[in-house]
Structure formats: structure tokens, C-alpha cells
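Structural features, examined
Take a look at the letters that make up each chain.
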Amino acid sequence: MRKVYTAHGFELMSHLKNLLEAEGIPCFIKNQNAFISRWAPLIMDMWPQLWITDDSHYERAKRIIDE
């Protein structure tokens, strides 16, 4: 497993997850139900994170996200 993206907003993360899954890249969102407080912008570990389950898809996943 490998993290491919972190974002403060869940909407963007959900969209990126859908893009990767449409390309056949298994992934999941970590911290999707985390409580986001006013301090969350300072604590990136609390932000939603997009992870792929198979490291061999990493380069392709990053390309899709970057586009």
C-alpha cells in the first residue's frame, strides 16, 4: 500500500478515488470520517489521504492525479 495524495477537502479526494477506480486501480480513502477541526489545516495527518493497495500502480496513479 502506498499513499498517493492528501487533501484538506473530501470532495476532491472522492473525485480522485473515482478516477483511479475507473482506471482499474484499487484504492481507498484513509481518514474519510476523521473529525476536522479548525486546527486541521495545521495537522496534515488528519486530512483525508488516498492510498492505492498495489504499489505497482503508483506511477500510473500519480499520472492520473496530476492530469
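All of the points below concern the structure found in this document. (Residues numbered from 1 in each chain as written. Predicted model: local features only at pLDDT ≥ 70, side-chain atom pairs only at ≥ 80, totals over all residues. Heavy atoms only, no water.)

Quick notes on the nonpolar core
Selection criterion: By nonpolar core we mean a set of buried residues, namely Ala, Val, Leu, Ile, Met, Phe, Trp, Tyr and Cys, connected to one another through side-chain atoms within 4.5 Å. Here the term buried applies to any residue with accessible area under 20% of the maximum for its type, exposed to any over 50%, and partly exposed to those in between, with areas from a 1.4 Å probe on protein chains only. Helix and strand definitions follow DSSP, with helices as H or I runs of at least four residues and strands as E runs of at least two, each counted in order from the N terminus.
Val4, Leu20, Ile25, Leu50, Ile52, Ala61 and Ile65 are the most contacted members of the largest nonpolar core, which totals 14 residues. Secondary structure elements with two or more residues in this core: α1 (10-22), β2 (27-30), β3 (49-52) and α2 (58-66).

Digging into the pattern of salt bridges
The line we're drawing: Between Lys or Arg on one side and Asp or Glu on the other, a salt bridge is scored when a side-chain nitrogen of the former is within 4 Å of a carboxyl oxygen of the latter.
In this structure the tally under the stated criterion is 2 salt bridges. In this structure, Glu21 engages Lys17 in a salt bridge whose closest nitrogen and oxygen atoms are separated by 2.6 Å. Placement of both Glu21 and Lys17 in helix α1 is noted, with a separation of 4 residues, approximately one turn of the helix. A salt bridge links Glu23 to Arg60; the shortest N-O distance between them is 3.8 Å. Taken together, the residues Glu23 in the loop between α1 and β2 and Arg60 in helix α2 connect sequence positions 37 residues apart. Glu23 sits in the partly exposed class, given a relative accessible area of 44%.

A few points about the packing of aromatic side chains
As a reminder, the rule being used: Only Phe, Tyr and Trp rings take part, Trp by its six-membered ring, and two of them pair if their centres are within 6.5 Å. Stacked means planes under 30 degrees apart, edge-to-face means over 60, and tilted covers everything else. Lysine NZ or arginine CZ positioned within 6 Å of the ring centre and within 35 degrees of the ring normal marks a charge as sitting over the ring.
Applying the stated criterion across every chain, the model contains 1 aromatic pair. Taken together, a centroid distance of 6.5 Å and an interplanar angle of 15° make the contact between Phe28 and Trp51 stacked. Separated by 23 residues along the polypeptide, Phe28 in strand β2 and Trp51 in strand β3 bring together distant segments of the chain. Note that Arg2 overlies the ring of Tyr58, its terminal NZ or CZ placed 3.5 Å from the centroid.

Quick notes on α1
Residue pairs spaced three or four apart in an α-helix point in one direction, given the helix's 3.6 residues per turn. In plain terms, the rule: A helix is expected to span 1.5 Å multiplied by its residue count minus one. Here the arc refers to the set of directions running from the helix axis out to each C-beta atom. Note on definitions: a residue-residue contact is assigned when non-hydrogen atoms from the two residues lie within 4.5 Å.
Taking 1.5 Å per residue, 13 residues should reach 18 Å; α1 reaches 18 Å between its end C-alpha atoms and fits that length. Within α1, the full set of buried residues consists of Met13, Leu16 and Leu20. Projection of α1 onto a plane perpendicular to its axis shows the buried side chains occupying an angular sector of 65°, all on one side. Across α1 from its buried face, at more than 90 degrees, point the exposed residues Glu11 and Ala22. Against β1 (2-6), β2, β3 and α2 lie the buried residues of α1. With its phi angle positive at about 80°, Gly24 sits one or two positions after the end of α1.

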